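Remarks on the overall topology
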Amino acid sequence: VALPQVIGLNFESNIVPKLKFLQEELDLSDVALRHRVVNRPAILSLSLEKRYKPRLKACRAVGVDDMIVLYRIARTDSYFYKSIGAPLPSIPLS
């Protein structure tokens, strides 16, 4: 298993909300979502509230492609916000 800690996540309260959010907010098909999860299982271990939602909001605020959230989700806050040209939030999110 590439990321064994994912096995310990609660399916209903942790994994399902992330999958639903990613699919709905990034307009991913079942096939596209499955491809991303299989290739990068770490995306399931990151916080929906502290990582995904704030970063998607920042992408939309500066007008960059929403998919940047997935492409750069594992990067530090500093790197991510600088890469999209958005100010780093004053309170660390991740």
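Higher on the page you've got the structure.
Residues numbered from 1 in each chain as written. Predicted model: local features only at pLDDT ≥ 70, side-chain atom pairs only at ≥ 80, totals over all residues. Heavy atoms only, no water.

1. Remarks on helix α5 (residues 77-84)
- Among the residues of α5, Asp77, Phe80, Tyr81 and Ile84 are the ones counted as buried. Buried residues of α5 fall within an arc of 90° about the axis and therefore sit on the same side.
- On its buried face, α5 is in contact with α3 (48-62) and α4 (68-71).
- Downstream of α5 by one or two residues, Gly85 has phi in the positive range, about 75°. (Buried < 20%, exposed > 50% of the residue type's maximum accessible area, 1.4 Å probe, protein only. Helix = DSSP H or I, 4+ residues; strand = E, 2+ residues; numbered from the N terminus. Arc of directions from axis to C-beta. Contact = heavy atoms within 4.5 Å.)

2. Comments concerning helix α2 (residues 30-39)
- Where α2 is concerned, the buried positions are Ala32, Leu33 and Val37. One side of α2 holds all its buried residues, which, seen down the axis, span an arc of 130°. For α2, the exposed residues set more than 90 degrees away from the buried face come down to Val31, Arg34 and Val38.
- Check the buried side of α2 and you find it contacts α1 (11-25).

3. Things to note about the packing of aromatic side chains
- For the structure on display, the rule yields one aromatic pair.
- With a centroid separation of 5.3 Å and 85° between ring planes, the pair formed by Phe80 and Tyr81 is classed as edge-to-face. Side by side, Phe80 and Tyr81 carry an identical accessibility label, which is buried.
- Geometry around Tyr79 places Arg75 over its ring, the cationic atom sitting 4.2 Å from the centre. (Phe/Tyr/Trp six-rings, centres within 6.5 Å; stacked < 30°, edge-to-face > 60°. Lys NZ or Arg CZ within 6 Å of the ring centre and 35° of its normal.)

4. Looking at the side chain of Lys18
- Counting through the fold element by element, Lys18 comes out in helix α1.
- No salt bridge is formed by the buried Lys18, whose closest oppositely charged neighbour, Glu49, lies at an N-O distance of 10 Å.
- A polar contact of 2.6 Å, which involves the side chain of Lys18, links it to the backbone oxygen of Leu44.
- Apart from the residues lying within four places of it in its own chain, the contact partners of Lys18 are Ile43, Leu44, Ser45, Leu46 and Leu48. (Lys, Arg positive; Asp, Glu negative; His and termini not counted. Salt bridge = Lys/Arg side-chain N within 4 Å of Asp/Glu carboxyl O. Polar contact = N/O pair within 3.5 Å; in protein donor to acceptor, adjacent residues only side chain to side chain.)

5. Digging into the nonpolar core
- Ranked by size, the top nonpolar core spans 26 residues in total, and within it Leu22, Leu26, Leu28, Ile43, Tyr52, Leu70 and Ile84 carry the most contacts.
- Look past the residues within four positions of Ile43 in its chain and what remains in contact with it is Lys18, Leu22, Arg36, Val37, Tyr52, Leu70 and Ile73. (Core = buried A, V, L, I, M, F, W, Y, C linked by side-chain atoms within 4.5 Å.)

6. Observations concerning the side chain of Asp66
- Along the chain, the position of Asp66 falls in the loop between α3 and α4.
- A polar contact is formed between the side chain of Asp66 and the side chain of Arg60, at a distance of 3.0 Å.
- For Asp66, the residues in contact, after removing those within four places along its chain, are Glu25, Leu26, Leu56 and Arg60.

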